[in-house]
Every structure is written in C-alpha cells, then in structure tokens.
4 protein chains.
Amino acid sequence: MNAQPTPAEAATGIPAGVFCAQDYEALAAKALAGATMAYIAGGAGRDQTLDANRAAFGQWSIWPRLLRDVGAGHTRLSLGGPALAHPLLLAPVAFQTLVHPRGEIETARAAHATETCMLASTLSSFRLEDIASAGGPTRWFQLYFQPSRDATLALVRRAEAAGYGALVVTLDAPIQPASLRALRAGFRMPADCVPANLAGLPAAPATAEPGDSRIFQGMMRTAPGWDDFDWLRAQTRLPVWVKGVMHPDDAAQFVQRGAAGLVVSNHGGRSLDGAPASLRALPAVRARVGKGTPVLFDGGIRCGEDVFKAMALGADAVLIGRLQVYALAVAGALGVAHMLKLLREELEACMALAGCATLADIGPDCLLPKPANAESPQRAADADLH
Amino acid sequence: MNAQPTPAEAATGIPAGVFCAQDYEALAAKALAGATMAYIAGGAGRDQTLDANRAAFGQWSIWPRLLRDVGAGHTRLSLGGPALAHPLLLAPVAFQTLVHPRGEIETARAAHATETCMLASTLSSFRLEDIASAGGPTRWFQLYFQPSRDATLALVRRAEAAGYGALVVTLDAPIQPASLRALRAGFRMPADCVPANLAGLPAAPATAEPGDSRIFQGMMRTAPGWDDFDWLRAQTRLPVWVKGVMHPDDAAQFVQRGAAGLVVSNHGGRSLDGAPASLRALPAVRARVGKGTPVLFDGGIRCGEDVFKAMALGADAVLIGRLQVYALAVAGALGVAHMLKLLREELEACMALAGCATLADIGPDCLLPKPANAESPQRAADADLH
Amino acid sequence: MNAQPTPAEAATGIPAGVFCAQDYEALAAKALAGATMAYIAGGAGRDQTLDANRAAFGQWSIWPRLLRDVGAGHTRLSLGGPALAHPLLLAPVAFQTLVHPRGEIETARAAHATETCMLASTLSSFRLEDIASAGGPTRWFQLYFQPSRDATLALVRRAEAAGYGALVVTLDAPIQPASLRALRAGFRMPADCVPANLAGLPAAPATAEPGDSRIFQGMMRTAPGWDDFDWLRAQTRLPVWVKGVMHPDDAAQFVQRGAAGLVVSNHGGRSLDGAPASLRALPAVRARVGKGTPVLFDGGIRCGEDVFKAMALGADAVLIGRLQVYALAVAGALGVAHMLKLLREELEACMALAGCATLADIGPDCLLPKPANAESPQRAADADLH
Amino acid sequence: MNAQPTPAEAATGIPAGVFCAQDYEALAAKALAGATMAYIAGGAGRDQTLDANRAAFGQWSIWPRLLRDVGAGHTRLSLGGPALAHPLLLAPVAFQTLVHPRGEIETARAAHATETCMLASTLSSFRLEDIASAGGPTRWFQLYFQPSRDATLALVRRAEAAGYGALVVTLDAPIQPASLRALRAGFRMPADCVPANLAGLPAAPATAEPGDSRIFQGMMRTAPGWDDFDWLRAQTRLPVWVKGVMHPDDAAQFVQRGAAGLVVSNHGGRSLDGAPASLRALPAVRARVGKGTPVLFDGGIRCGEDVFKAMALGADAVLIGRLQVYALAVAGALGVAHMLKLLREELEACMALAGCATLADIGPDCLLPKPANAESPQRAADADLH
C-alpha cells in the first residue's frame, strides 16, 4: 500500500471548484504526481484512440424537445439482474492504490452509497473478497484469463463465492502497448501496486524462443481463444459479459456463443492506438446484435450529455473509468460518490431538456449529426475581436 | 438597482473603436467585471452549443450578384402586426441592470429611436409597464409560465394593459444548466437584480421529496405542458409566439395548436449544452411549417452577413441578444441604438452586394454551402511565412 | 506623390531572402508601415472571404505524372488579342504610390520587362497615358463606371487613344465595406493618394435624403445597371471584359450581352465579406459559359501551384494582385519583375511535374479533391514529439 | 567525408529516451545542425505534400479483433525474389554522410543485422560496390537515369556485378523544387557530399538557350521518356521496379511495359508540392493494377500502425525513409537496426491486436474511415479544463 497520504487524506468534504463531474480531472492533475497523472490520463502509443474517443462525442448534437411531461421521470434499468438505479457503472480499474491508499475499498463504499454497480478488476490492489465486503449489493467481477485454466477457474470460483453477480471478461488487451505519454513522464508502477487477487497463482510461462517473434510467439502465445471463451461459459452459472468488443462480426459471434452482454470498449484508448472511437463502433455493434442483447458503452465519457449520446446510439448503460480514478484521487469515497451524483444529475437534466422521461425514450432520433463542414473560420475571426 | 456607475455613465457619445456592431463585444469585455462578462458571454455547460451557434454561420457563403437595381431597396416587413422598419428585434434579456443602472429603460429608448421591436422579458429589472412607457410603439412581451396559472394570467393581463402587441412564451429552459465559464469566474447574480414583474407573486412550491430526483420530481414538476400552452392561447387575443423551438416536429405541433409564430432558438446556448446550432435547425423548421407561419431566428448573430444568412435559410426576422447587452453595457441607450444602426447598415450593404432589394429577395439560392474539406493546411502554411 | 523614400529606393537589386514569389509578402510586411500593410493585406469586414480565397487552394491536390515529354513546353496563350507569353496578368490595383513613390510607372516597367499584360486601374496614382508610355505593348484598362455616362465615356476614349487593348469593367464593388483589420490598425489613405485619371471629372451627386437608406438610396443610387453595360459595349470597339463575376447566372447573362470575357473575382476578398472563395465559384462559371468564352481568375494566388489549380478548374489565365503590391513595395520594378519570374518558373515546374507541356494540357483531370476528413489529429500528435 | 564526429561517434549503445521508432526524430533534431535537420525533415516548397503524407494516416482507424489465434504469426513475404523476413525496406536516401561519417556503410550493416532489404541510392556517398560489401544478401539498387544512356548502362552493369537483386528506377523528380524550409534555414549541401557512383561519368550538357524556358528547355531537356524505360528494361535481366508512381493510369502503363513492381511515392513530399498524399493514391493504384503486381508504399510512415494501414490499403511492403536517416544520425548502424526492430514490433503488436497472423490477413476490411466531421470543438472544450 501507498504509505504516503494523498491530498484526499486531509480532505473533510467535497473539494472546492467542482462544478461538474469532469472538474475532478483538473483537480486530480494537481493532486497527483505528473508521471502518475500521465499514466492515468494517457492512452496507448500516441493517444490517437484516446483523442478519438473524446472527439466522437462532438460529432453529435442533441435535439431539445418542448413541453413533454417528465415529472415521473427516472433512470432505472435492468441488465438482466436486479434493477439498477441508474445506468452509470464503475468501470474495472486496476491498482487503485496508485491514487488512494484505500483504493478499491473507497470506490466500493462510493458505489454502495450511490446505488452504483461496481466492476471489480482482476488486477485490483485489494482482494475481491475485501472489495465485496466494503461495497453494496450490486457488483460484478472483471476477469482476465490467466495463463492456466486452473488459475482462471480459481478466480471464477472466488467471485461466485463473494457474491459477484456477473463476470465481465476483458478480451481487448492481450498485448497492451505502452503509453508514450507515461513513458516520457517517467512513470513506473510502484512496487507496492500488485494484483492482490493473483497472489499464489503461477506466473506466466517463459516466452519466445530465440528467433521467435517477441509478439506472436511471446506475448500472444498464452492469449485466449474462442475455445477458452466457450470453456469459461461452461464453468459458471454467472452471466458472462465480454468487454472490448468493437467489430460487429465479433459482437455477433459472442452473442451466438452465449455472451450475456457486450461492452463496446477500446480499453479507454489503452490498447490498439489507432482503433476507432468507441462511440463510432457502437451503432454498428447495436445494429448487428439487435435489441435482444444488452450492450454497455465504455470510452471517453466526461459529462451527462456524453452518457445521453452513448445511450442514443445504442448503449443500455455506460462505464465510467477515468472520472472514477480522478475523483478517487481527489477525495476518496466521497469524491467518487460526488462525481457519480453530479454525472447522474447532468444526465437527468439532459434527459429533461431532450424530453426523455426514461432511458427507453433515448434513441437515435434524439441526435443530429454535426455537418461535415462544422469547423469554420468564423470562430477564429471572432477570436481576433477579443 | 446597481448604485455603482458603469463606464457608460460618463460617456457622452459613441465610444471610440467601434467599426462594426460586434465591436461592442470587445468593449464590453473591458467595461464589465470579468465574472459578469463570463456570465453574459458564456453558455450552458461547456459552451458547446454557444460555439456551434457561431460556427454555423461559417458553413455558408453568400453569392454576390451584379448590376441589380436596388435603388428602391428597403428592409421593411410585417410579422402580422404593424409594419416593422427592419428585421432586427431586441431579444428578451433578463436583469439588464446587471450591466447598466437604467437597464431595460435605456434599451427601450434605443428601440424607440431606431424603430425596433423590443421584446421585454418576464425577468426584467424594471416593471413591464415602466418599460412600455419608456419605449416606442412596437413592443412584445416575453412570458415565462409561472408556477400557478393565476400568476401567469396576471402577467398576461398586465402585458395586454400596457400595450404589448404579442406574447412570446419561452419554453426551452424549464431547467437552465449552469455556465461553467461563469461559475469558474465566480459569478453571482447581485442581490439587487430581481425580477420586478414578479414582485408579490407566489414563490414556487417546495420541490422534490427525499429519494426523488432533484431534476425530474424537483425542477421539472412545475414545468408547463401542452395543455398549458392551449390554455394560454385561450386566455388572450394577443398573438402567442413560441420561443425555443428547434425540432421540426415540435414546430408543426405548435402551428397546429395556433401559435402565431415561432422563434427558432436554443436560448443562446444557455439551455441544453449539446443542442444543435440554431442555424442548423432553422431550415428544417421552415421546411416543416411552410411559408404560412412567421419564423424568427435567434442565436449567434454578430454582423449583417449573419442576419442575411439566417433570412436566406428561412427566418422572417432575427433577435439580437448578446450584442444588445454589450452595447447597453458600453454606452446605454446610445450604444444600443448605435449597434442597431451599424447592424442594419451591415445588412443593407450585404443585401446590396447580393443583389437583394428587399427581404423577400433573400432566399436559399443566395447561399452556397462551404465544402466539407474547407479547412486546409494552406492557411497554416501561409502562417509560417509571416 | 509620397515624398518619403521607401526602402526600395535604396535597393540596388533583388532583396535577400526571396526564395519564392510569396516571400515578397513577408518582406513587404517589414518594409511597410503596419497600417498600410493591414490595408493591403486585409479584406472587407472580418477577412472571411479573404481567408476562404486562400483556403480553397488547399482543397485540391495535383496529380504528378511520369515520363511525359515536355521538352517543347511553353506557357503561351491568346485571350483574343496578341499572343501572351504567359498567363500571369497584373491585376488592376489602385493608388500604387501608397507603397512606392513611382507606383504604377514601376509596375508598367516590370510588365514590359517580363512580357506581362498589365491592367491599369481607373484609380491609378498616375494618368493612364503616363502608365501606357512607361510600359510595354500589352496593356488593358480597368474601368469603373463614373456617376455620369459622359465621365465614363471620357475615360474610355482616353484608354482607346492610349492604346489599351481591352476594357475590364469592374462591377463587384458598388459598395466596398471597410476592412476591420485596416480600421483597427488606424489606416487612412494619405492625402496625396488621389485618382489621377479622375482629375476634372464631376464629383458624385449628393446622396440620400433624410429617412432614406444610406446604402440603398445613397451609395447604390448611382450604381450601374444592365443598361449601362449594354451602353458601354456600344460605345467602343475595344473588347469589354467583366471583372467580379461569381455567380454562373450572371456569367451567362454577360456572355449573352457580348462580354469579351469574364474575370471570376470577389475583389480579393475586399467587397462582400462572406462571398465564396473565387476558386469555389470558378468551375461553376466555366461550366455555364462553356469553352467559347475566355475566363480569367483572380483571388488568392501566391504560388505556381495555385496558378495551376485555377487553370485546371477552368481559368485561361490569372490576375496577380497582392503579390504585385508586395513586390512593388519591396523593390519597385525590379521586385515586380522578379516576383513574376519566380511565379512563372513555379508554374512551369509544376506543369513539368504534372506532365503538362502547354496550358491546354491543364484540365480538371490533373486535380484530385482532398478528402473531407483530411485534417486529422495525426499532425497534432506529431507535434508533441518535437 | 565529414571529418567532424557526429554525436553518434561517442555513443556506445541505444540512446536514452527512445520508446518508439519515431522517437529518433526528436533526437535527430537535437543531434543535427538546424539547417541539416530542416533539409532532411522538410519537403518541397511549402511542405504541403509532406504534411498531407502524414495527415492521411489519421483518416483511417484500425478495427481491433478478438480471440484470434496469432500464435504462429509472422511477417514474412516475397516480392518476387528471396523471401523477406519483414515488409520494412530501407528507402533509397542520397548522401548519407550528411548525417553520419560512415553513412550508407552503417545503414548497410543495420540492414544486414535486421534481415532488411536495403535500396542503395544512385546518389550514395559511398560506391555501390562498397555498400554491397558492407551489407547483407538482400539489396536493391535505386537508379536515376543519367544524361546519356551509356552512363545509365554503366551503373546498371555495376549494380548487376555487385549482386543487387533489383533495379528501382526513380521517375518522380526530373525537377526537384527546393524546400523553402531548408532555404530559410540556410542549408547548403556540404562540398564533400558528392555522388560517389557518378565519379568519372560525364556532366549534364549545357542547358537552355537564351529565351528558352529554364524549366522546359533546361532541366526537362534530358528527362527520360517512355522509350528510355523500355530501353532500360531491355538491357538487364534484373527486375525493374518503378518508384514515384501516383496516378493509376501511369501505374497501368508501367505494368503493361513490364515493370516488376511499383512504388507508390511522392518522393517523401520532396518533389511536386501539392501532390496528393501517397496513402491517398495507393488504393487507386492497387485497384488499377490488380493483385498480380507487387506494390510498395513510401511516404510518411512513422510507426507500426502506419505500416499496417498502408498494407491494408494495398501495399505489399513499405519503404522507410526519414526514420532511417534520423536513426542513422543519432546512433549509426545500431540506431538504424534499433529503429527497425522497434518498428517491426510495433507492426507485429498492431497485427496481433487486429487479429492478423500474417501480412496476407491485412486487408481493406481491417480499416474504418474516420467520419468527415471528426474534428470537433469537444477537444478544445476539454483543453479549457486543464
């Protein structure tokens, strides 16, 4: 654990200067060491997919609608299990002690307080059992395939025993290209940031032979395949979601093989640098799988309007990643809970102004694409006047 | 009232450095406190709709035409009532004492001097009767539905009695998300900026119960519905316009229910941040309601070419919001009158060069869309040379 | 005349640091007073059309072609009169003593030395007869309609007598909106910059009555009409070209009424701010008038590739405006001649690499439009690396 | 030779701060004199094609694919000769002693060490025989047509004798317009940078007559034609590739006349400034020549994702130009070898994440075009928050 107290340690309440959920980002940049912030904020490689994730939201406008009755409005939904109070899920984030000494324990408390479904990471700093104890009733477990099926199965059994309601298997990062931003900032993962869940599990086998590719015959040798997915499905009664689906053909394949639901995600821009924006892939995935399969969205959400747009383009709910970490870094459980409250109210205000009383009212006809020539010299001309 | 004299107090004439209507913007930025300017200039949330409003004008070019006879040209029009000298209307702006101690009284005097139709706000710093006395013969009253129909009706009756020629009911801001720019600048509405028209009217009822949504069951509980619009129409012989229409389906509904006309507006980017540019919505609204219904445009106009573009895309006339406030802040009635004169001449010069002798000559065939690849590296390359 | 010697006075040769024709722009910015440079470089209003003129070139790429024999290549052409050595014409520019004490005389000498057709302006600082004497055999006279037909006719007769080979009547600026850039820089036309050709001609009649529009009943009262164009055509045997044509309908009308040729131009962005880029209008004009009518292009040319693109999109030749002034300011006749030589060689090199041996080989199939998504985050990402 | 030791002289290993292949660019900018870096990094004219080459990669995204088995993955390919270990070829680069005293000798050693096919330039600082001795078994010779066929043939015979496996005749730069960036930086080619291969060959004949065009009758007089290409083909049994093909019609013509393969290239933006991005031309060339003709790609590659995109759009392999020079400047043979290793692993990681086990799996369906409105105000808005 990180012995050094974070700024949040001294905090006794909501920090000043937070007017919207995204404001935790700027505060985190001040609270964290530069290299740590670079690691969290950065994406793989040159941040191209990271940037694309954000830019994609700007390609859509939301139609305001008038005089609709939303007095009985709410944000409840079901994803196949117990009803959720709102569609904001806490994305699985590894090694949360990197930003707060009590890491995932604080996050779990915030999830509980805000009726939020939390996805605990295989690579959490605390054991999944401890996270379960700290949090509320709604929790899912994010699973990485381990080098051996025995090790994978051990994690599944523990998650079942600890009352996790679903498994979310992340498949989009068999290789995780480094973040150039983090490397240039000199980031190194602290020695005490270790995956508590994997203690005692066997290490990955030795990699490539001389002459082999460090990538193909090395890192990818133990990468899972479709048979591993089928095997996993057969080992558990828990619903198995898949995280990292971008291509509609993969989406269709997972549905056919019994996935409980899909998470459209490019790992927050932390895997293939050059992958499309998550929001760009979402409509095609939804179109392919139809209405029968729940689809979550992950990638770049910073405000309620972003949530609205993702849902309009096909998502049933969304995962909140970096904002979660920023709020945790700034103010622990209180920060995460506050961030979630702000984000939810931003979503509700957006729904109200768009005339949507429930999540089911949010559809593609709520959006209007920006014209292709939307960036004009007009704004530059205005700038001259000031 | 604001006891502190504004810079305009000492002014004895047209300020130096004003070469076009928009130049009042830069002068206002100097004359006003930073937080006040942020509040006025900013939009809701992240200013996305505010920026889109401006950028939309840059997506269109105006065809110059040669040798057309415009020697008998004029800008007269009718919006169902008495003829107007020109199509520039003063948008309803709340709390004008924020920028000038005599606020709406000065604005009304400028309207009178320039034969301009002024829309007085429900939330004006002065009573609607006082504004009526100060101004010219052409004035409309902007109405916000009050928590009770009795209170709403009281305002209607007073507007009728004071000789307002039309009601313009604003429907696009049942919730008004805060401006992050204003919040960050530390803006707070001064205590003496209060809605003079609402003195004595009952306050809004207590809002949401514990567990309710602060948005849906709180702020939206007393929001008006379609029945309220029908009720209002039945209470008065004044023509009832609707301000804030963006979606063509809403537009059609209002026409069917007897609206006298529509104002395409997104509240100057101060309501739903993420709404399309007003100019983007305008052609669709005009196409839906046909030629029979007058349509006004509001959102981002800073120069005569902007007015021309809005009219070419379907507007019968336009509302001037922020420029009005900037000119008022800088030079009171004289400033507003001067700004209107400049803007009108900018429009007339644009009409002359586009070969349009009357407003009726301004149509979609006067415009050419910018190509989608209009932003090129060329300009950046040029920049290197200087 | 400007008594104060310009930097060019002391110059004894080609200035250092000129590697391409456009380099005269940066040197002029250093040689001229800031306000003067703002007046010359700026466009009407907010420079939107000025910027569009430049940006339009960036929307096209030029196909390189291999192994074509251009060893007999040349740039000769005919525009209905004597053959021209190359398609670069010197645009009519008023008041050239603003930048050089011998103004148009120097320009005429440069035209002579480089076998360039010069268009002398009605508003030249020197008399058209003096310009004729100083220059070479190929010269056209740019005509502004005067308030009276007698005055106009007097100019025509003088141009005929002085051996000008064509009249180019400029019709796109009956009103010339001020340049905000020049106004803000404090530019005023020096008192000694007067139109030598108009000495003794009657002044414009008094303008608008009280209550009249300063634009419609004022400035536009004496603007010419179609009958004036027909009248002019009937007064002279000189070919009458029209400068300022942008809309294809106007173009067709002029051809029908006997114009010898057209100049697609928006007055270098100095007339209607918001007009399309000249290059954007060019293909539509060419398509409308067919191959039978010569079409010149004016607007934003800074290098040989720009000339090539204009010719590929329909121009027979091009006018060079601002570069002419910049070179004149920097180094007088020598500068203008050098600039023309550089520009011609840039064009020839471009032709050679595009496999075009003659101007007739340059056509639309030499170009490729840039894709609409051509501006990418890639370049920004690269920038981070440096 | 350059007597002054470069920074690489003292280097004993991989330089610090290189996290990806492109990082050699920033290090080279520090290691080289400013003018030299400007010459290497710059393109012809205003760098428009140079910039377009880079920007074109940003117009495409790469689909990530899940669970595909790439454990037997590799990057082997054949271009008609012996199998190549990977598709990264070292582009022909002239005068490499400009950046390293042992220039092409070092490059050849790096090629050998990394199983890379090197293309030795006609204009190399060392004799082609010396380069051949220093390098590995796979080398091609880049040929410029000389003023006389005898001189050209002499080079061909020497290349054959030295064991070069193919001729790559470069045809896109009969004129090479100067780089304004290099000129402004004051770059001059050092006197000791001379083409070792051309020692003893006759100089080009005297150029244009008085009155002739310096371009058409001068530089282009000795430019090769289609008959020269046919002649060359007939002189040698080596496969003859053509470098510099952009237009599909030229591509088809070369295939018909027996070219062994094509290199789509605009000379790295160093020839016609205004030519399209190489990546823009590539799909059209591939579509025209079909699958039967090998096509290489050259222009702007900086990372593995760029390689992947070029191959997906039709290339069989790619040439690495500027990165080669940057790495050579920084760390000699070790630098070039390291850069190639990094670039190859970047490609392999990209293939793995895109689910491609072999180069044959990389096709157009691996890519997704960016939407035309991809650049949004969103990112600017985010910037305000930091």
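Everything numeric here is computed off the predicted structure, so don't read it as measured data.

Enquirer: Which residues make up the overall build of chain A, and what values go with them?
Expert: Each helix and strand in chain A was counted, giving 15 helices and ten strands. Taking 21 Å as the expected radius of gyration for a compact globule of 386 residues, we find that chain A reaches 21 Å, a close match to that expectation. Once the C-alpha set of chain A is aligned to its principal axes, its extents read approximately 60 × 50 × 45 Å. Carbon and sulfur atoms provide 53% of the accessible area of chain A, an area that totals close to 13,300 Å². One finds the centroid of the 34 positive side-chain charges in chain A at a distance of 1 Å from the centroid of its 35 negative side-chain charges.

Enquirer: Could you give an account of the relation of the copies chain C and chain B, naming the residues involved and the relevant values?
Expert: What relates the two chain copies is a rotation about an axis together with a slide along it. Turning chain C through 90° and shifting it by 0.1 Å along the axis lays it on chain B, with an RMSD of 0.0 Å. Here the copies are linked by what is in effect a four-fold axis. Relative to the rotation axis, the closest C-alpha in chain C is found at Ala372 of chain C, a distance of 3.7 Å.

Enquirer: Now, about the interface of chain B and chain A: what can you tell me, with residues and values included?
Expert: In this complex, chain B contributes 51 residues to the contact, which on the side of chain A involves 44 residues. Buried area between chain B and chain A, summed over both chains or domains, comes out near 4,300 Å², and the portion from carbon and sulfur atoms is 60%. It is Arg46, Phe216 and Leu272 of chain B in chain B that bury the most area against chain A; as a group they hold 17% of the surface buried on that side. The salt bridge involving Arg214 of chain B is made with Glu345 of chain A; its shortest N-O contact spans 2.5 Å.

Enquirer: Requested: an account of the interface of chain C and chain B, with residues and values cited.
Expert: At the junction of the two partners, chain C supplies 51 residues and chain B supplies 44 residues. Across the chain C to chain B interface the summed buried area is about 4,300 Å²; carbon plus sulfur atoms make up 60%. Connecting chain C to chain B are three salt bridges. The salt bridge partner of Arg65 of chain B is Asp250 of chain C, with a shortest N-O separation of 3.1 Å.

Enquirer: Summarise the pattern of salt bridges; cite the residues concerned and give the values.
Expert: In this structure the tally under the stated criterion is 71 salt bridges over all chains. The residue Arg157 of chain B makes a salt bridge to Glu160 of chain B at a minimum N-O spacing of 3.0 Å. With a gap of three residues between them, Arg157 of chain B and Glu160 of chain B both fall in helix α7 (residues 149–161), about one helical turn apart. Of the residues examined, Glu160 of chain B reaches a relative accessible area of 28% and is grouped as partly exposed. Among the ionic pairs, Arg54 of chain D bridges to Asp306 of chain D, the shortest N-O distance being 3.1 Å. Of this pair, Arg54 of chain D sits in helix α4 (residues 48–57) while Asp306 of chain D sits in helix α13 (residues 304–312), placing them 252 residues apart in sequence. As far as the burial class goes, Arg54 of chain D and Asp306 of chain D line up, both buried. A network of salt bridges, in which partner residues are shared, links Arg102, Glu106 and Arg109 of chain A.

Enquirer: Explain unusual backbone geometry to me, using residue names and the numbers behind them.
Expert: Positioned with a positive phi, Leu67 of chain A is a non-glycine residue whose angle comes to about 65°. One can find Leu67 of chain A in the loop between β1 (60–62) and β2 (88–90). The backbone of Phe95 of chain C sits at a positive phi, close to 50°, despite the residue not being glycine. Tracing the backbone through its elements, the reader meets Phe95 of chain C in the loop between β2 (88–90) and α5 (103–113). Judged by relative accessible area, Phe95 of chain C falls into the buried class, the value being 14%.

Enquirer: Now, about the packing of aromatic side chains: what can you tell me, with residues and values included?
Expert: Residue and element names in this part refer to chain C. Taken as a whole and judged by the stated rule, the model has 24 aromatic pairs over all chains. An angle of 65° between the planes, with centres 5.7 Å apart, marks the rings of Phe141 and Tyr164 as edge-to-face. A residue pair is termed long-range when its members are at least 10 positions apart, and Phe141 in strand β4 (residues 139–143) and Tyr164 in the loop between α7 (149–161) and β5 (167–170) qualify at 23 residues. Residues Phe141 and Tyr164 agree in their burial class; the two are buried. On the numbers, 5.1 Å between centres and 80° between planes, the contact of Phe229 with Phe254 is edge-to-face. Highlighted residues: Phe229 in helix α10 (residues 226–235) and Phe254 in helix α11 (residues 248–256), separated in sequence by 25 residues.

Enquirer: Break down the packing of helix α3 (residues 34–41) of chain A against helix α14 (residues 322–353) of chain A for me, citing the residues and quoting the values.
Expert: Residue and element names in this part refer to chain A. Two elements in contact, α3 and α14, have axes separated by 10 Å at closest approach and are oriented at 155°. As far as their axial angle goes, α14 and α3 are roughly antiparallel. From α3, Met37, Ile40 and Ala41 reach across to α14, where they touch Arg322, Val325 and Tyr326. Of the residues assigned to the contact of α3 with α14, the class counts are five nonpolar, no polar and one charged.

Enquirer: Describe helix α2 (residues 23–31) of chain D, listing the residues and the values that go with them.
Expert: Here α2 of chain D has its buried residues at Asp23, Tyr24, Glu25, Ala26, Leu27 and Ala28 of chain D. Buried residues along α2 of chain D sit against α8 (180–184) of chain A together with α3 (34–41) and α14 (322–353) of chain D.

Enquirer: Just give me the short version of the side chain of Arg65 of chain C, but keep the residues and values in it.
Expert: Its location among the elements puts Arg65 of chain C in the loop between β1 (60–62) and β2. A polar contact of 3.1 Å, which involves the side chain of Arg65 of chain C, links it to the side chain of Asp250 of chain D. Filtering out sequence-adjacent residues up to four positions away, Arg65 of chain C remains in contact with Leu353, Ala354 and Gly355 of chain C together with His247, Asp249 and Asp250 of chain D.

Enquirer: I'd love a proper account of the environment of Ala29 of chain C, names of residues and values included.
Expert: Assignment of secondary structure puts Ala29 of chain C in helix α2 (residues 23–31). Linking Ala29 of chain C and Ile40 of chain C, residues eleven residues apart in sequence, is a C-alpha distance of 9.9 Å.

Enquirer: Tell me what's going on with the packing of α2 of chain C against helix α14 (residues 322–353) of chain C, and back it up with residues and numbers.
Expert: Residues and elements named next belong to chain C. Two numbers describe how α2 lies on α14: the axes approach to 9 Å, and their chain directions differ by 150°. Judged by the angle between their axes, α2 and α14 are roughly antiparallel. For the pair α2 and α14, the contacting residues are Tyr24, Glu25, Leu27 and Ala28 in the first and Tyr326, Ala327, Val330, Gly335, His338 and Met339 in the second. Its residues assigned to classes, the contact of α2 with α14 comprises seven nonpolar, two polar and one charged.

Enquirer: Please provide a residue-by-residue account of the side chain of Asp273 of chain D, values included.
Expert: As for its placement among the helices and strands, Asp273 of chain D is situated in the loop between β7 (261–264) and α12 (278–289). Despite its burial, Asp273 of chain D pairs with no opposite charge, the nearest such side chain being Arg46 of chain D at 5.2 Å. Side-chain polar atoms of Asp273 of chain D contact the backbone nitrogen of Gln48 of chain D, separated by 2.7 Å. Discounting residues that sit within four places of it in the chain, Asp273 of chain D has contacts with Glu305 of chain C together with Ala44, Gly45, Arg46, Asp47, Gln48 and Thr49 of chain D.

Enquirer: Tell me about helix α5 (residues 103–113) of chain B, and please be specific about residues and values.
Expert: Residues three or four positions apart in an α-helix share a direction because the helix packs 3.6 residues into each turn. Residue and element names in this part refer to chain B. Judged by how many residues are buried, α5 sits mostly within the fold: eight of eleven residues are covered. Among all positions of α5, only Gly103, Glu104, Ile105, Glu106, Thr107, Ala108, Ala110 and Ala111 are buried. Each element contacted by the buried residues of α5 is listed here: β4 (88–90), β5 (118–120), α6 (128–134) and α14 (322–353). Looking at the residues trailing α5, positive phi occurs at Glu115, about 55°.

Enquirer: Describe the environment of Ala337 of chain C, and please don't skip the residues or the numbers.
Expert: All names here are of chain C. Topologically, Ala337 is positioned in helix α14. For Ala337, a relative accessible area of 14% translates into the label buried. Sequence-distant contacts of Ala337, defined by excluding residues within four places in its chain, comprise Ala110 and Thr114.

Enquirer: Please set out the pairing of strand β9 (residues 261–264) of chain B residue by residue, giving values where relevant.
Expert: Residue and element names in this part refer to chain B. Residues of β9 alternate between two faces, with Gly261 and Val263 on one and Leu262 and Val264 on the opposite face, all of them buried. A crossover links strand β8 (residues 240–245) with its parallel partner β9, the connecting element being helix α11 (residues 248–256), and its sense is right-handed. As judged from the three bridges shared by β9 and strand β10 (residues 295–298), these two strands associate in the parallel manner. Looking at β10, one finds that Val264 is bridged to Phe297. Handedness of the crossover joining β9 and β10 through helix α12 (residues 278–289): right-handed.

Reading guide: rules and limits
Residues numbered from 1 in each chain as written. Chains lettered and ligands numbered in written order. Predicted model: local features only at pLDDT ≥ 70, side-chain atom pairs only at ≥ 80, totals over all residues. Heavy atoms only, no water. Helix = DSSP H or I, 4+ residues; strand = E, 2+ residues; numbered from the N terminus. Rg over C-alpha atoms; globule rule 2.2 N^0.38 Å. Areas by Shrake-Rupley, 256 points an atom, 1.4 Å probe, with all protein chains shown as cover. Lys, Arg positive; Asp, Glu negative; His and termini not counted. Charge placed at Lys NZ, Arg CZ, Asp CG, Glu CD. Least-squares fit on C-alpha atoms with pLDDT ≥ 70 in both. Contact = heavy atoms within 4.5 Å. Buried area = accessible area lost by both parts, 1.4 Å probe. Salt bridge = Lys/Arg side-chain N within 4 Å of Asp/Glu carboxyl O. Buried < 20%, exposed > 50% of the residue type's maximum accessible area, 1.4 Å probe, protein only. Phe/Tyr/Trp six-rings, centres within 6.5 Å; stacked < 30°, edge-to-face > 60°. Axes fitted to C-alpha atoms, helices over the stretch in contact; angles between N-to-C directions. Parallel < 35°, antiparallel > 145°, perpendicular 65-115°, else oblique. Nonpolar A, V, L, I, M, F, W, Y, C, P; charged D, E, K, R; others polar. Polar contact = N/O pair within 3.5 Å; in protein donor to acceptor, adjacent residues only side chain to side chain. Right-handed = clockwise from strand over helix to strand, strands pointing away. Pairing = 2+ DSSP bridges.

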